[in-house]
Amino acid sequence: MKAIERLYKYIDYKGVKPSPFEKEIGLSNGYLGKQLNRKADLGEGILIKIIENCPEISPEWLLMGKEPMLKIEDTTNSNVFRLKTDTNIQHQSVPLYDIQASASVVALFRDSSTETPVDHITIPNLPKCDGAIYVSGDSMYPLLKSGDIIMYKKVANEIDNMFWGEMYLVSLINNDGDEFVMVKWLHKSELGTDYVKLVSENRHHQPKDFHIKNIKGLALIKASVRINSMY
């Protein structure tokens with residue numbers, strides 16, 4: 001049995017569909033099915049993504065078929081994708097970055113390994129997150145206020161990987177060539193399938209359409225933290 005066949009066994013065990021699983025690890029829709037039909041196995045990069053996004057799966061089982069399938073016994077058989085893509089993790093430490101002290105929030109979005117977190121956040125049963133940053137500006141007010149903390153999970157910036165209507169951290173280049181990062185709702189655009197509409201929660205901020213080529217990075221917002229009092 002190949003690794004891709006074992007992966008399908010795991011997906012079936014968890015009771016999820018291949019499509020949301022593909023989106024979670026940054027694959028195009030239908031990729032796994034095509035590989036299975038071609039009798040082609042999974043490459044090293046894909047296997048690493050699976051192991052990183054499925055912490056309960058045993059790497060020895062996935063790669064070599066060595067039982068058991070899970071690192072620890074899963075007696076609940078619960079669906080790990082709470083938002084179809086969310087992997088529920090009981091304990092994780094999410095790095096918090098200070099983008100004001102960082103040379104560039106865009107650089108942080110591209111490669112967080114080059115930045116040193118100022119702290120770590122632990123929230124039980126939080127979906128898998130890559131990092132956390134402070135919110136600046138009022139475009140998502142009152143849902144998010146300046147100073148709130150948002151936790152995000154990076155995803156591939158492709159149309160097939162977008163969940164319309166969800167909140168994203170978006171890295172893009174505008175028509176003037178300026179690159180920056182913002183938090184917006186992601187909606188379908190009336191301009192066509194090659195465009196996306198970025199929508200603010202604050203009604204005083206007008207929606208704006210961008211070509212998909214302008215988007216250089218996407219991250220789903222998984223959680224937010226608000227401090228109501230400093231004393």
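Provided above is the structure to which this section pertains.
Residue numbers restart at each chain and count upward from 1, following the sequence in its written direction. Local features are withheld for residues below a pLDDT of 70 in this predicted model, meaning they are given only at 70 or higher, and side-chain atom pairs are given and counted only at 80 or more; totals for whole chains, interfaces and linings count all residues. Water and hydrogen atoms were dropped before computing side-chain values, which therefore reflect all heavy atoms in the structure.

Caption draft 1: Examining the overall build of the protein more closely. If you tally the helices and strands in the protein, you get six helices and eleven strands. Exposed residues in this analysis have more than 50% of their type's maximum accessible area, buried residues have under 20%, and partly exposed residues fall in between, with area computed by a 1.4 Å probe over protein chains only. For the protein, with 231 residues in total, the buried portion stands at 44%. Pairs at least 24 residues apart make up 62% of the contacts formed inside the protein by residues separated by at least 6 positions. Carbon together with sulfur atoms contributes 50% to the accessible area of the protein, which is approximately 12,700 Å² in total. What counts as a helix is a DSSP run of H or I of at least four residues, what counts as a strand is a run of E of at least two, and both are numbered from the N terminus. Here a residue-residue contact requires only that any non-hydrogen atoms of the pair lie within 4.5 Å. For the accessible areas, the method is Shrake-Rupley and the probe is 1.4 Å, while residue cover comes only from the protein chains on display.

Caption draft 2: Local environment of the layout of surface pockets. A cavity here means a set of 1 Å grid points, computed over protein atoms only, where a 1.4 Å probe fits but cannot escape. A pocket is an open set with protein on both sides within 12 Å along at least 5 of 7 lines, and lining residues have an atom within 4 Å of a point. Grid points are joined across faces, edges and corners, and a volume is the space filled by probe spheres set on the points. Within this model, the second largest pocket holds a volume of roughly 260 Å³. If you go around the second largest pocket, you meet 13 residues; those closest to its centre are Ile25, Lys49, Asn53, Lys153 and Lys154. Elements represented by at least two residues in the lining of the second largest pocket include exactly helix 2 (18-24), helix 4 (44-53) and strand 6 (149-155). Residues are grouped as follows: Ala, Val, Leu, Ile, Met, Phe, Trp, Tyr, Cys and Pro are nonpolar; Asp, Glu, Lys and Arg are charged; every other residue, Gly included, is polar. For the lining of the second largest pocket, a count of residues per class yields three nonpolar, two polar and eight charged.

Caption draft 3: Main features of the side chain of Ser58. Summarising the element assignment, Ser58 is placed in the loop between helix 4 and helix 5 (59-64). A relative accessible area of 7% means that Ser58 is categorised as buried. Discounting chain neighbours no more than four positions away, the residues touching Ser58 are Pro68, Met69, Leu70 and Lys71.

Caption draft 4: View of the nonpolar core. Only buried Ala, Val, Leu, Ile, Met, Phe, Trp, Tyr and Cys residues count toward a nonpolar core, and they belong to the same one when joined by side-chain atoms within 4.5 Å. One finds Leu7, Tyr10, Phe21, Leu42 and Ile50 to be the most contacted residues of the largest nonpolar core, which totals 20 residues. Those elements giving two or more residues to this core turn out to be helix 1 (3-14), helix 4 and helix 5. Examining the composition of this core, we find that five residues originate from one element, helix 1, more than from any other. In terms of nonpolar packing, the next biggest core, distinct from the first, is built from 16 residues, Ile99, Ile133, Met167 and Val181 among them.

Caption draft 5: Region of interest: the packing of aromatic side chains. The criterion for an aromatic pair is that two Phe, Tyr or Trp rings (for Trp, the six-membered ring) have centres within 6.5 Å, with stacked assigned to planes under 30 degrees apart, edge-to-face to planes over 60 apart and tilted to the rest. For the coordinates displayed, the defined rule picks out zero aromatic pairs. Lysine and arginine charges are scored as sitting over a ring when NZ or CZ, respectively, is within 6 Å of the ring centre and within 35 degrees of the ring normal. A cation sits over an aromatic face here: Lys208 above Phe210, 5.7 Å from the ring centre.

Caption draft 6: Quick look at the pattern of salt bridges. Salt bridges are identified by distance alone: a Lys or Arg side-chain nitrogen within 4 Å of an Asp or Glu carboxyl oxygen. Across all of its chains, the model carries three salt bridges by this definition. Across the salt bridge formed by Asp148 and Arg226, the nearest N and O atoms sit 2.8 Å from each other. With Asp148 in the loop between strand 5 (131-134) and strand 6 and Arg226 in the segment after strand 11 (215-225), this pair connects stretches of sequence that are 78 residues apart. Residue Asp148 is classed as buried on the basis of its relative accessible area, which comes to 4%. One salt bridge in this structure joins Lys197 and Glu190, with 3.2 Å as the shortest N-O distance.

Caption draft 7: Quick peek at helix 1. The terminal C-alpha atoms of helix 1 lie 17 Å apart, and with twelve residues this matches the ideal 16 Å at 1.5 Å per residue to within 8%. Those residues of helix 1 not exposed but buried are Ala3, Ile4, Arg6, Leu7, Tyr10, Ile11 and Lys14. Projected onto a plane normal to the axis of helix 1, the buried residues spread over an arc of 155° and lie on a single side. Against helix 2, helix 3 (31-37), helix 4 and helix 5 lie the buried residues of helix 1. Looking one or two residues beyond helix 1, the residue adopting positive phi is Gly15, at roughly 75°. Take the number of residues in a helix, subtract one, and multiply by 1.5 Å to get its expected span. By definition, the arc is the one covered by directions from the helix axis to the C-beta atoms.

Caption draft 8: Molecular detail of the pairing of strand 11. The buried fraction of strand 11 amounts to eight of the eleven residues, a majority that puts the element mostly inside the structure. Strand pairing is assigned whenever DSSP identifies at least 2 bridges connecting the two strands. The pairing of strand 6 with strand 11 spans seven bridges and is antiparallel. Counterpart to Lys154 in the pairing with strand 11 is Ala219. Summarising the sheet, strand 7 (residues 167-173) and strand 11 pair through five bridges and their orientation is antiparallel. Considered in strand 11, the bridge of Leu169 is made with Ala219.

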